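The primary structure of each chain is shown beneath.
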Amino acid sequence: MPSAPPPSPSGRWRDVAHATGLLAPDGAVASTVFAEMSALATRTGALNLGQGFPDVDGPSWVRRAAADAIAPDAEHGANQYPPGPGIPELRGAVTAHQRRHYGLDLDADTEVLVTTGATEAIAAALLALAGPGDDVVTLEPCYDSYAAGIALAGARHVTVPLVPGPDGFRLDTDALRAAVTPRTRVILLNTPHNPTGTVLTRTELEAVAAAARAADAVVVTDEVYEHLTFDGAAHVPLATLPGMAERTLTVSSSGKTFSLTGWKIGWVTGPEPLVTAVRTVKQFLTYVSGAPFQPAIARALADDAYPRELAASLASRRDLLCDGLEAAGFGVVRPQGTYFVLADAGPLGFDDGTDLCRRLPGLAGVVGVPVAAFCTAGSPTARALRSWVRFTFVKREDVLRDAVARLAALAG
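Residues numbered from 1 in each chain as written. Predicted model: local features only at pLDDT ≥ 70, side-chain atom pairs only at ≥ 80, totals over all residues. Heavy atoms only, no water.

The name an unreviewed UniProt entry gives the chain is Succinyldiaminopimelate transaminase, with Luteimicrobium xylanilyticum as the organism.

Draft legend 1. Representation of the overall build of the chain within the structure. When its secondary structure is counted, the chain shows 15 helices and 14 strands. Computed over its C-alpha atoms, the radius of gyration of the chain comes to 21 Å, within 12% of the 22 Å expected for a compact globule of 412 residues. In terms of overall dimensions, the chain has a C-alpha envelope of 65 × 60 × 50 Å along the principal axes. Considering the chain as a whole, with its 412 residues, one finds that 56% of them fall into the buried category. Surface accessibility of the chain: about 17000 Å² in total, with carbon and sulfur atoms responsible for 54%. Between the averaged position of the 34 positive side-chain charges in the chain and that of its 43 negative side-chain charges there is a distance of 3 Å. (Helix = DSSP H or I, 4+ residues; strand = E, 2+ residues; numbered from the N terminus. Rg over C-alpha atoms; globule rule 2.2 N^0.38 Å. Buried < 20%, exposed > 50% of the residue type's maximum accessible area, 1.4 Å probe, protein only. Areas by Shrake-Rupley, 256 points an atom, 1.4 Å probe, with all protein chains shown as cover. Lys, Arg positive; Asp, Glu negative; His and termini not counted. Charge placed at Lys NZ, Arg CZ, Asp CG, Glu CD.)

Draft legend 2. Representation of the pairing of strand S6 (residues 184-190) in the model. Counting buried residues in S6 gives 6 out of 7 residues, a clear majority hidden from the surface. In this sheet, S6 lies alongside strand S3 (residues 135-140) in parallel orientation, the contact comprising 4 bridges. The residue bridging threonine 138 from the neighbouring strand is leucine 188, located in S6. Where S6 meets strand S7 (residues 218-222), 5 bridges bridge the pair, whose relative direction is parallel. Across the sheet, the residue bridging to isoleucine 187 is valine 219, located in S7. (Pairing = 2+ DSSP bridges.)

Draft legend 3. Seen up close, the sheet that holds S7. Across the sheet, which stays open at both edges, the 8 strands sit in the order S2-S9-S8-S7-S6-S3-S4-S5 with mixed pairing between neighbours. Looking along the sheet, the strands with just one partner apiece sit at the ends: strand S2 (112-116) and strand S5 (168-171). The mean inter-strand angle of the sheet, taken between neighbouring strand axes irrespective of direction, is 25°. Here helix H4 (residues 88-102) sits on the sheet in contact with S2, strand S8 (248-253) and strand S9 (265-269), set at roughly 110° to S2. (Axes fitted to C-alpha atoms, helices over the stretch in contact; angles between N-to-C directions. Contact = heavy atoms within 4.5 Å.)

Draft legend 4. View of the domain arrangement of the chain. Structurally, the chain comprises domain 1 (12-57 + 306-410) and domain 2 (60-302). On a C-alpha basis, the centres of domain 1 and domain 2 stand 24 Å from each other. Residue-level contacts link 37 residues of domain 1 with 40 residues of domain 2. Summed over both partners, the interface of domain 1 with domain 2 buries about 3100 Å², with 65% contributed by carbon and sulfur atoms. Taken together, the links from domain 1 to domain 2 amount to 1 salt bridge. Linking domain 1 with domain 2 are 12 residue pairs in polar contact (both at pLDDT 80 or more), by the criterion used here. Those elements that provide at least two residues to the side of domain 1 that touches domain 2 are helix H1 (11-19), helix H12 (305-328), strand S11 (340-344) and strand S14 (388-392). The element that contributes the greatest number of residues to the side of domain 1 that touches domain 2 is H12, accounting for 7 residues. Of the residues belonging to the side of domain 1 that touches domain 2, the class tally is 25 nonpolar, 7 polar and 5 charged. (Domains from an automatic or database assignment. Buried area = accessible area lost by both parts, 1.4 Å probe. Salt bridge = Lys/Arg side-chain N within 4 Å of Asp/Glu carboxyl O. Polar contact = N/O pair within 3.5 Å; in protein donor to acceptor, adjacent residues only side chain to side chain. Nonpolar A, V, L, I, M, F, W, Y, C, P; charged D, E, K, R; others polar.)

This is the structure:
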């Protein structure tokens, strides 16, 4: 007897599948292009410069602190549920970090919430603050979980393009003003920005702030790459701008800053009513998580040396990969931050980045991710960036040198 076909998603789940491009032509849920490219790298032995995770772990002393928290001989191991908002030591470390780096004064008891990474913080914020009839405005291209979170909330996703130019990808402020309307409930901002590597300037941030105030919208800022900026580019949290602290939720995490992406320790900070709304949703998602990792990250946040060293190392590795991509014939926009660089394959004669990424393991033994995966299907930005590919440089220098040597085959 033949097996029944798998059920296709319905209702809100169908919305999510549509928003993330996961509906196959037969109505079944397909895999993401990220999973496809990682599987392609495994199958072909190609170097995976598509998925952005470090291949070197973070500081050994931070990892040891987590191990000590669950050691069998620990008198009071961190093996049970931590407090719902996060342990006091970590919430205090987050407030000290925000004060030390940005001059932001927060109440650790009411204005800080520890989350299961930044992705949960963003999803919980969207579910708490937006719903049917609301607009959520994001930059485009954007991190793929944003579209899913907006669809889960039942809100409408409105995008504003980042446009490539001689100064990198820059915000189209005219499009921003047109996109933010009285329907706008949330502006979801990401800087330093994945995938473009842009660090928004203060002038660009002031345009976002003005639009948010005019629409009486809340801004949720994804700042997970806050310490990973290059060439003197300064990260400015939107909450530091006049009149914005009371309407901004700031999201960050330890994963990128300390090369511990698998620990999934993030946080959201902001005014008590907004943080309380996020906590109300978060308690029905993961409830709590990461008990032995929270005290370790509380200690790590007091250390400013490792993030500075990591940023300097990433800048060097960025240059290595960018130089190699340019030598291979790509058009490259050198990023000001993050783990990623975007490269235009158009000069090489490839007008479809998705098709190139599927062929790249055979052509050069390297895997990237098409920028179209970060855009709404069929949008003007998706069309404009159709030939672009994202590569990561958060890999060991020897891996990047090997990748550059392989990519040189495209130049011929």
